[in-house]
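Structural overview for review
Now for the letters of each chain:
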Amino acid sequence: MASESSPNRDPVSPPQSRSPSPSPTESLTLRALVSTKDAGVIIGKAGKNVADLRDQAGVKAGISKVITGVHDRVLTVTGSVEAVAKAYNLIIEQLVNSNPNNPPVSTPNVHTSIRLLISHNLMGTIIGRSGLKIKAIQDGSGARMVASKEMLPQSTERIVEVQGSPESIGRAIEEIGKCLLEDWERGLGTVLFNPSPQHERDNRRGSGGYPGSSYSGNSGAGRRTNGEPSSGRPPRNSSPTSPQSPSSSSQPAPTNLRTQNISIPSDMVGCIIGRSGTKITEIRRLSGSKISIAKAPHDDTGERMFTIVGTPEANEKALFLLYNQLESEKERRVGREAQQQAELQQQQE
């Protein structure tokens, strides 16, 4: 199944300026994480359930393939905002009714949840200034929304868990979809999350789940991406014509170069560059991508733009190495703060 990166306009529609009320013909792609068990229910025997869903809601829908050792799969639904909301409503009702602990009756009083995958760049659109937008969505729909603070591994997507009855979740998803289409340009170039055995192992060693600390209020600075949306693995972005590959000049230049732009908080840039540029040089060497760094922040967030140029495979390796370096630095800082607090407590005693 082809993945799609973020909400985008119907390609047959003429270019339009951004409008506060998206047209019903505009196409929304909304992804969600579902367990392998729930994925089986959604697909149904010989694909019957997902085929019925497509017909009833008028959407395109599919689920990522099974990966050994991975307990989550990605559900992708594409259609108009109303159709996508209806599809998710039908999916959640189906999951609730398939649970032997729940009687197959009306579901208004049943409390359940769905984990949506939302581009980090679009979180501010959903949360709004001082959290006003997310509060309005919750109040209007009756659902509760909990957003993770951290991006998922090797991606620029975050989880927004929508909790409530199937009907309230459907209403919330419709409002979320409208927000995503209103600001769709911000979602371009999203690095999609793809569950893998490595993520599962990391989760078992860590907190036991994907980043899930609750988020409500102002959106914080973090890594962001820009570029053209992809239809496959995360870093396949942007223009087909790019600068010369960093590979040896004696070898022919690859013809499938891609450009990936990511924004990184200024206070993290130093840890990626390393002393005398040793770390960024090593990342360039290991990945085979050309990586350039803006000398100054590109907007009022104070973030610096990193431009990665190389083959899709090289860029994916570069992103992996960059994100690993960021995670290592975060862990180092957390450990240092904990040590400082412990020393301060000892001094007070």
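Overview of the structure. (Residues numbered from 1 in each chain as written. Predicted model: local features only at pLDDT ≥ 70, side-chain atom pairs only at ≥ 80, totals over all residues. Heavy atoms only, no water.)

**Remarks on the pairing of strand 3 (residues 72-79)**
Rules: Under the scheme applied here, a residue whose accessible area is under 20% of the maximum for its type counts as buried, over 50% as exposed, and between as partly exposed, the area being computed with a 1.4 Å probe on protein chains only. Helix and strand assignments come from DSSP, with helices taken as H or I runs of at least 4 residues and strands as E runs of at least 2, each series counted from the N terminus. Note on pairing: DSSP must find at least two bridges between two strands before they are called paired.
Counting buried positions along strand 3 gives eight out of eight residues, so the element sits mostly inside the fold. Every second residue of strand 3 is oriented toward a common face, with Asp72, Val74, Thr76 and Thr78 on one face and Arg73, Leu75, Val77 and Gly79 on the other, all of them buried. Across eight bridges, strand 1 (residues 28-35) lies against strand 3 in antiparallel orientation. Residue pairing for strand 3: leucine 30 is matched across the bridge by valine 77. Pairing geometry for strand 2 (residues 60-63) and strand 3, over four bridges, is antiparallel. Across the sheet, the residue bridging to alanine 61 is valine 77, located in strand 3.

**Observations concerning the nonpolar core**
Counted only if it meets this: Take the buried residues of types Ala, Val, Leu, Ile, Met, Phe, Trp, Tyr and Cys, join any two whose side-chain atoms come within 4.5 Å, and each joined set is a nonpolar core. Residue contacts are counted whenever heavy atoms from the two residues lie within 4.5 Å of one another.
In this structure, Val77, Tyr88, Ile114, Leu116, Ile118, Val162 and Ile176 are the most contacted members of the largest nonpolar core, which totals 45 residues. With ten residues, helix 3 (residues 81-98) is the single largest residue contributor to this core. Apart from the residues within four sequence positions on either side, isoleucine 114 is in contact with Ala32, Val34, Tyr88, Ile92, Val160, Glu161, Val162, Ile169 and Ile173. If you look at the next biggest cluster of nonpolar residues, it comprises 18 residues, including Cys271, Ala318, Leu319 and Leu321.

**A short note on helix 9 (residues 278-287)**
In plain terms, the rule: To obtain the arc, one takes the directions from the helix axis to the C-beta atoms.
Within the sequence span of helix 9, burial applies to Ile280, Ile283 and Ser287. All buried residues of helix 9 fall inside an arc of 55° around its axis, so they share one side. The secondary structure elements touched by the buried residues of helix 9 are helix 8 (266-273), strand 9 (290-293), strand 10 (303-310) and helix 10 (312-348). After helix 9 finishes, the residue glycine 288 shows a positive phi value of roughly 85°.

These figures come from the coordinates and say nothing about function on their own.
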